[in-house]
Amino acid sequence: MTLPIRPAVLHSPDYPFSPVNAPVKLDQNESFADFPHELKAIALQRMHDLPWHRYTDLNAEALSAAIAAHDGWAASGTVVTTGSNVLIALLIQLCALGGRVVTVKPNFALYALDAKLLGASLTEVPLRTDMSLDMDAVIASLGGTAGEGPHGVIYIPRPHAPTGSLCALDELERLAQACPGWLLVVDEAYHQFAPDDARELALRHAHVVLLRTFSKAWGLAGVRLGYALASDAVARQLRKLVPPFGVSLMQSVCAQVALEHPAYVQERVILTLRERERLATALQAHPTWRALPSHANFLLIRTPDAAAAHAALLTQGVLVRRQDSLPGLQGCIRVTVGTVDENSAFLRAAGLGV
Ligand SMILES: Cc1ncc(COP(=O)(O)O)c(C=O)c1O
């Protein structure tokens, strides 16, 4: 029997991830520590006291307002979903079905995967050999200006994943001005670890959308929450694509409790930056591995052989992520900045005495 499944889905690969267990888990760019115990207790009590038999807000209105107040955005322009990865597909549905998705390569895998699954025409502009973003090439790849040719969505992660590089804000401004007929999505999953963000730029341009997540600095990857900060005009249309009552009571309560106690995030970010620096400095002594400068909570390391590096670390209980299947990243592994002890274990496993 032939199932009525679209060829674009049939021919797409699975999401490139296979779970591996290891005592030191540095493979998914998660927060190095769990959601604080006392905040879990507050969230659990609040969940207990709320009715579970009622639907939640239609569009997570209370949570959107709390996020908007924290991020300095309008609640009307804040769209919450169960993970920012959901929004990556929804924004293609919003602007690029039958249109184009433009991004860079190497890159976070989901932009290209979703573009292919949804049948958009995909353009991936290579990063320069030093892994910086070639903005002239991105702008040239758009083809015409507003009104000419098919448009769609541009995805730029900032900081970039998996290199950790950060394109300059004036370069991003240049792109925003060059693409009035496109939706420019700046994925800020790791913005807390960078010196600046694109909020001001997005406020100036109605066609710029920021994606943010509770999965990284907030330490809530298991709760699954992400959001878009958009102009009212974009948010209003995007909300039509978000499933009604999609954010659960549990998700909403956890994130609201987090937003009421943001100090723990700042403390963890400071520790992450200190440890990122320690790892980068220590790795300079490695005979063959080279870490790229990073503005995120991970380091991309070029090694002579990613499979060998990954296996050698794993035999010593340290799990990192291979990145060598991505274009231009031969030999590369990616390590998340963990706790002080986890980072020391990683350095020891890499042959660097700590
Ligand atoms: C650049 C980037 N964007 C988005 C995501 C997805 O985040 P979420 O957990 O909110 O779906 C990730 C996850 O690793 C990421 O690295």
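Residues numbered from 1 in each chain as written. Predicted model: local features only at pLDDT ≥ 70, side-chain atom pairs only at ≥ 80, totals over all residues.

K.L.:
Please clarify how the environment of Tyr15 should be interpreted in this entry.
P.N.:
Within the element layout of this structure, Tyr15 appears in the loop between helix H1 (7-10) and strand E1 (24-25). Considering only alpha carbons, one finds Tyr15 and Val253, 238 residues apart in sequence, at a separation of 29 Å. (Helix = DSSP H or I, 4+ residues; strand = E, 2+ residues; numbered from the N terminus.)

K.L.:
What am I meant to see in the sheet that holds strand E9 (residues 290-291) here?
P.N.:
Each strand in a sheet pairs with another by means of backbone hydrogen bonds, the pair being arranged parallel or else antiparallel. Here four strands make up an open sheet; going across it, the order is E9-E10-E13-E12 and the pairing antiparallel. With one partner strand each, in any of the chains shown, E9 and strand E12 (321-322) form the two edges of the open sheet. As paired strands, E9 and strand E10 (residues 298-302) are joined by two bridges and run antiparallel to one another. Among the inter-strand pairings, Arg290 is bridged to a residue of E10, identified as Arg302. Across the sheet, helix H11 (residues 263-283) touches E9 and E10, and the angle it forms with E10 is around 15 degrees. (Pairing = 2+ DSSP bridges. Contact = placed C-beta atoms within 7 Å. Axes fitted to C-alpha atoms, helices over the stretch in contact; angles between N-to-C directions.)

K.L.:
Just checking my understanding: could you explain the domain arrangement of the protein for this structure?
P.N.:
How large an interface is tends to be reported as the accessible area lost when its parts come together. We note that the domain assignment places domain 1 (38-260) and domain 2 (263-349) within the protein. Just the C-alpha atoms count here: the centres of domain 1 and domain 2 sit 26 Å apart. Between domain 1 and domain 2, the contact holds 18 residues from the first and 19 residues from the second. Its residues placed into classes, the side of domain 1 that touches domain 2 shows 13 nonpolar, three polar and two charged. (Domains from an automatic or database assignment. Nonpolar A, V, L, I, M, F, W, Y, C, P; charged D, E, K, R; others polar.)

K.L.:
Got a minute to help me understand the pairing of strand E8 (residues 226-229) in this structure?
P.N.:
Regular strands place side chains that alternate from one sheet face to the opposite one. Residues of E8 alternate between two faces, with Gly226 and Ala228 on one and Tyr227 and Leu229 on the opposite face, all of them buried. Bridging between strand E2 (residues 78-81) and E8 involves four bridges; their strand directions are antiparallel. Following the sheet pairing, Val80 is matched in E8 by Tyr227. Two strands pair when backbone bridges link them, and strand E7 (residues 208-213) and E8 are joined in this way by four bridges, in the antiparallel orientation. Across the sheet, Thr213 pairs through a bridge with Gly226, a residue of E8. (Buried ≥ 20, exposed ≤ 12 C-beta atoms within 10 Å, placed from the backbone.)

K.L.:
Whenever I open this one, the packing of helix H3 (residues 61-71) against helix H10 (residues 249-260) confuses me. Can you help?
P.N.:
Contact geometry for H3 and H10: axes closest at 10 Å, N-to-C directions at 25 degrees. Viewed along their axes, H3 and H10 adopt a mutual orientation that is roughly parallel. Pair H3 / H10 crosses with left-handed handedness. Where H3 approaches H10, its residues Ala62, Leu63, Ala66, Ile67 and His70 are matched on the opposing element by Ser252, Ala255, Gln256 and Leu259. (Parallel < 35°, antiparallel > 145°, perpendicular 65-115°, else oblique. Left-handed = near helix turned anticlockwise from the far one by under 90°.)

K.L.:
What's the story with the packing of helix H4 (residues 84-95) against helix H5 (residues 110-117) in this structure? I'm lost.
P.N.:
Helix packing for two helices is described by the angle between their axes and how far apart those axes are. At a closest axis distance of 10 Å, the pairing of H4 and H5 adopts a crossing angle of 40 degrees. By the angle between their axes, H4 is oblique relative to H5. Where H4 crosses over H5, the two elements pack in a sense that is right-handed. Facing Asn85, Ile88, Ala89 and Ile92 of H4, the residues of H5 in contact are Leu110, Tyr111, Asp114 and Ala115.

K.L.:
Explain the sheet that holds strand E3 (residues 100-105) here, please?
P.N.:
On the basis of which strands lie adjacent, the open sheet formed by seven strands has the order E2-E8-E7-E6-E5-E3-E4 and mixed pairing. The sheet terminates laterally at E2 and strand E4 (121-126), the two strands that pair on one side only. For this sheet, the mean inter-axis angle between neighbouring strands, taken without regard to orientation, is 20 degrees. Pairing geometry for strand E6 (residues 183-187) and E7, over four bridges, is parallel.

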